[in-house]
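Commentary on secondary and tertiary structure
Below are the chains, spelled out letter by letter.
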Amino acid sequence: MSPEKPTDDLLNIEHPATGKKWELPVEDGCLRAVQLRQIPLGQTDLGLMSYDPSLLNTASCRSAITFIDGDAGILDYRGYSIEDLAESVSYPEVCYLILKGELPNRKELAAFQAELAEEAVLPAYLLELFASFPDEMHPMTMLASGLAALGAKYPESEKVLDEENRNKQIIRLLAKTPALAALAWRRTQSDSPVGPDPEKGFIVSFLRMLLGKPGEDFEVEESFARAMDALLTLHADHEQNCSTNAVRVVASSHVNPYSAVAAGCFALHGPLHGGANQAVLEMLEEIGTVEAIPAFLEACKCGDRRLMGFGHRVYKNYDPRAKVISGLVDSVLDAGQPDPRLEIARALEAAAREDDYFVSRKLFPNVDFYSGILYSAMGFPASMFTVFFAVGRMVGWLAHWDEMLRDSEQKIARPRQIYTGHSRREVPPMDKR
Ligand code: SDX
């Protein structure tokens, strides 16, 4: 089902006091906010303004990368459904699709993977930087710091309007982010780093950097490789979410992409966004037993708690990614130990989906509800979940960065405000304050 293009239209606005009328064009289902300025307000020469705190109902750009229909629970990357992609396309192929708009043929994929392999190794100064981090530093903070510091190696990345340069930086960031994520993990474990082995492929090389032993051969559980590949695909892009919006806003100042994606990491780390998968596991551990679920849901309903991993700004139906992840959990848990938190999660979902508070607010499991259990089944603690989210989302951030810089309508982001402070006043002398 392709997204229906809303018909263009006209909006007639009449000012009852003056009888003045304006005809405002509606394009793609939108009113251009700047058109409102022609409606004078007397007290300001800038005319009428739109007010949309948190951009609940504002399109900030045009984008061809991802389409979401929240009511229908549809998520497509460049027209392909997330279910089909997660099922039958590798993450490197999905990266190529998201960046270039089409799935690669065999030759194009081989060339793309060769470019990534060439850039997989980190500059040595980053190993020293990570070794200098304090033991208690969160791996997501390490990742964001490492991304910003990586940019120092490539001063030419400041030339953001040069398409060839952008493509080079995109390959570098895609290739090096898994190594930075693995370095953050090993720093938290006080383990010495294991470098990439691109010959093994993107996913196995990533798992080797995470789980391998220095100097030893690495054999990976097939279900782990399958699950990690699918998880990175499921997290690859999600249109104008908080962290992608952060990357676009920061990059709109024409700062280099390393700084922009570092900003994306910090936004993603928040518990209302990518940090929710860490919060879900902590919530499941706090609930502790299936019998404790009704009391916890009551606490959510009176606003004392939030059911983490549930609800979404756009999805008012089951997040299609949550469905795929829920299916993957069984395959990985078969290979590992049963996880009591899965039993609580399944019972929690069942109870919430029969409870009018959640049903009436269209609150369903989102991508974060089961992903933590899956990462945990692979042996990773909650602190790494948002790091994996960032590894998957890196390609989406970079595709939006590139798309924004190609968009002639985009300028430096600088919203206006409604001023609610003091009117002009005199500075009182110190003894009068
Ligand atoms: C991600 O944007 C993206 O695309 C993000 C993401 C991506 O791929 O980039 O999909 C990844 O961030 C997923 C979301 C992960 N966050 C969580 O799971 C945290 C828990 N969920 C929420 O806090 C909340 O649902 C949000 C932040 C996700 C969305 O919040 P909204 O759209 O601002 O909705 P809201 O806070 O205005 O809630 C509407 C109502 C309120 O009740 P009333 O005021 O009407 O009585 O629903 C309630 C809220 O209290 N509500 C919840 C709830 N989420 C909303 N009540 C209990 N538990 C929840 N999780």
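Residue numbering note: each chain is counted from 1, following its sequence as written. This being a predicted model, a pLDDT of at least 70 is required before a residue's local features are given, and a value of 80 or more before pairs of side-chain atoms are given or counted; all residues contribute to the totals for chains, interfaces and linings. Values reported for side chains reflect all heavy atoms of the structure, with hydrogen atoms and water molecules removed beforehand.

1. A few points about the packing of helix α6 (residues 163-188) against helix α7 (residues 202-211)
Packed helix pairs are specified by the crossing angle of their axes together with the interaxial distance, meaning the distance between the axes. Using the following cut-off: Each axis is a line fitted through C-alpha atoms, taken for helices only over the stretch in contact, and angles between the N-to-C directions span 0 to 180 degrees. Only runs of H or I of at least four residues qualify as helices and only runs of E of at least two qualify as strands under DSSP, and these elements are numbered from the N terminus. The labels follow the angle: roughly parallel below 35 degrees, roughly antiparallel above 145, roughly perpendicular from 65 to 115, and oblique for the rest. Crossing chirality is assigned from the near helix's rotation relative to the far helix, an anticlockwise turn below a right angle marking it left-handed and a clockwise turn marking it right-handed. The contact criterion used throughout is that any non-hydrogen atoms of two residues lie within 4.5 Å. Three categories are distinguished: nonpolar for Ala, Val, Leu, Ile, Met, Phe, Trp, Tyr, Cys and Pro, charged for Asp, Glu, Lys and Arg, and polar for the others, with Gly belonging to the last.
Between α6 and α7, the least distance of the axes is 8 Å, while the angle of their chain directions is 20°. If you check the angle between α6 and α7, you find them roughly parallel. At the point where α6 passes α7, the crossing takes the right-handed sense. In this structure, α6 uses L174, P178, A179, A181, A182, W185 and R186 to contact α7, whose residues at the interface are F202, F206, R208, M209, L210 and L211. Residues belonging to the contact of α6 with α7 are distributed by class as follows: 11 nonpolar, no polar and 2 charged.

2. Here we look at the sheet that holds strand β4 (residues 66-69)
Put simply, the test is: When DSSP finds at least two bridges between two strands, those strands are taken to pair.
Strand order in the open sheet formed by 3 strands is β4-β5-β6, with antiparallel pairing between adjacent strands. One side of each edge strand has no neighbouring strand; the edge strands of this open sheet are β4 and β6 (80-81). Bridge analysis of β4 against strand β5 (residues 74-77) gives 4 bridges, and the strand direction is antiparallel. Directly across from T66, in β5, lies its bridge partner Y77.

3. Brief notes about helix α12 (residues 293-301)
Put simply, the rule reads: Residue exposure (1.4 Å probe, protein chains only): buried if accessible area is under 20% of the type maximum, exposed if over 50%, otherwise partly exposed. Here the arc refers to the directions that run from the helix axis out to each C-beta atom.
Of the residues making up α12, those classed as buried are I293, F296, L297, A299 and C300. All buried residues of α12 fall inside an arc of 155° around its axis, so they share one side. Along α12, the residues that are exposed and aim more than 90 degrees away from the buried face are P294 and A295. Looking at the buried residues of α12, the elements they touch are α11 (276-287), α14 (340-352) and α15 (356-360). Downstream of α12 by a residue or two, G303 has a phi angle that is positive, lying close to 85°.

4. Some points on the side chain of H238
Formally: Whenever two N or O atoms come within 3.5 Å, that pair is a polar contact, provided that in protein one can donate a hydrogen and the other can accept it, and provided that, for residues adjacent in sequence, both atoms are side-chain atoms.
By the secondary structure assignment, H238 is in the loop between α8 (222-234) and α9 (242-251). A distance of 3.3 Å separates a polar atom in the side chain of H238 from a polar atom in the side chain of R321. Those residues in contact with H238 that lie beyond four places of it in its chain are T66, I68, L75, H312, Y315, R321 and R393.

5. Some remarks on the site of the ligand
Rules: By convention in these notes, a residue is near a molecule or strand provided one of its non-hydrogen atoms lies within 4 Å of it. Computed with a 1.4 Å probe, the accessible areas rest on the Shrake-Rupley method; for each residue, only the protein chains presented here act as cover.
Close to the ligand lie 21 residues, the nearest being H238, R306, H312, R321 and R393. Contact distances for the ligand include 3.0 Å between a nitrogen atom and a backbone N or O atom of L272. The side chain of Y357 places a nitrogen or oxygen atom 3.2 Å from a nitrogen atom of the ligand. Protein contacts shield 74% of the accessible area of the ligand, which totals 1100 Å² for the unbound molecule.

6. Digging into the sheet that holds strand β2 (residues 21-27)
In spatial order, the strands read β1-β2-β3; together these 3 strands make up an open sheet with antiparallel pairing. Every interior strand has two partners, whereas the edge strands, β1 (9-14) and β3 (30-31), have only one. One ladder, built from 2 bridges, connects β2 with β3; its direction is antiparallel. By the bridge assignment, E27 is partnered in β3 with C30.

7. Some details on the nonpolar core
Under the convention used in this document: In this description, a nonpolar core means a group of buried Ala, Val, Leu, Ile, Met, Phe, Trp, Tyr and Cys residues linked to one another through side-chain atoms lying within 4.5 Å. Segmentation into domains, and thus their bounds, comes from an automatic or database assignment.
Counting 119 residues, the largest nonpolar core has L210, M228, M283, L307 and M378 as its most contacted members. Considering each element in turn, this core owes the most residues, 14 residues, to helix α17 (residues 385-406). Each of domain 2 (78-270) and domain 3 (276-377) gives at least three residues to this core. The contact partners of M228, leaving out residues within four places of it in the chain, are I203, F206, L207, L210, Y375, M378 and F388.

8. Describing the packing of helix α16 (residues 368-377) against α17
Remark: α16 packs on α17, axes separated minimally by 10 Å, with the N-to-C direction vectors making an angle of 105°. Relative to α17, the element α16 lies roughly perpendicular. Together, D368, G372, Y375 and S376 of α16 and F385, F388 and F389 of α17 make up the contact between the two elements. Of the residues assigned to the contact of α16 with α17, the class counts are 4 nonpolar, 2 polar and 1 charged.

9. Remarks on the domain arrangement of the protein chain
One can read the domain layout of the protein chain as domain 1 (1-59), domain 2 (78-270) and domain 3 (276-377). Centre-to-centre separation of domain 1 and domain 3, based on C-alpha positions: 40 Å.

10. Remarks on the pairing of β5
Where β4 folds back on β5, the antiparallel hairpin that results is connected by 4 residues, among which G73 adopts a positive phi of roughly 65°. Judged from the 2 bridges that link them, β5 and β6 form a sheet pairing that is antiparallel. Across the sheet, the residue bridging to D76 is S81, located in β6. Counting the residues that bridge the hairpin from β5 to β6 gives 2 residues, and of these R78 lies at a positive phi of roughly 50°.

11. What to know about the pattern of salt bridges
Oppositely charged side chains may form a pair once their charged atoms are brought near each other. Worth spelling out the cut-off: The rule for a salt bridge is simple: a side-chain nitrogen of Lys or Arg has to be within 4 Å of a carboxyl oxygen of Asp or Glu.
Going through the model one piece at a time under the given rule, you end up with 22 salt bridges. Residues K168 and E119 are paired through a salt bridge, measuring 3.2 Å at the closest nitrogen-oxygen approach. One end of the pair, K168, is in helix α6; the other, E119, is in the loop between α3 (106-118) and α4 (124-132), with 49 residues separating them in the sequence. By relative accessible area, K168 is classed as partly exposed at 33%. Residue classification places E119 among the buried residues on the basis of a relative accessible area of 10%.

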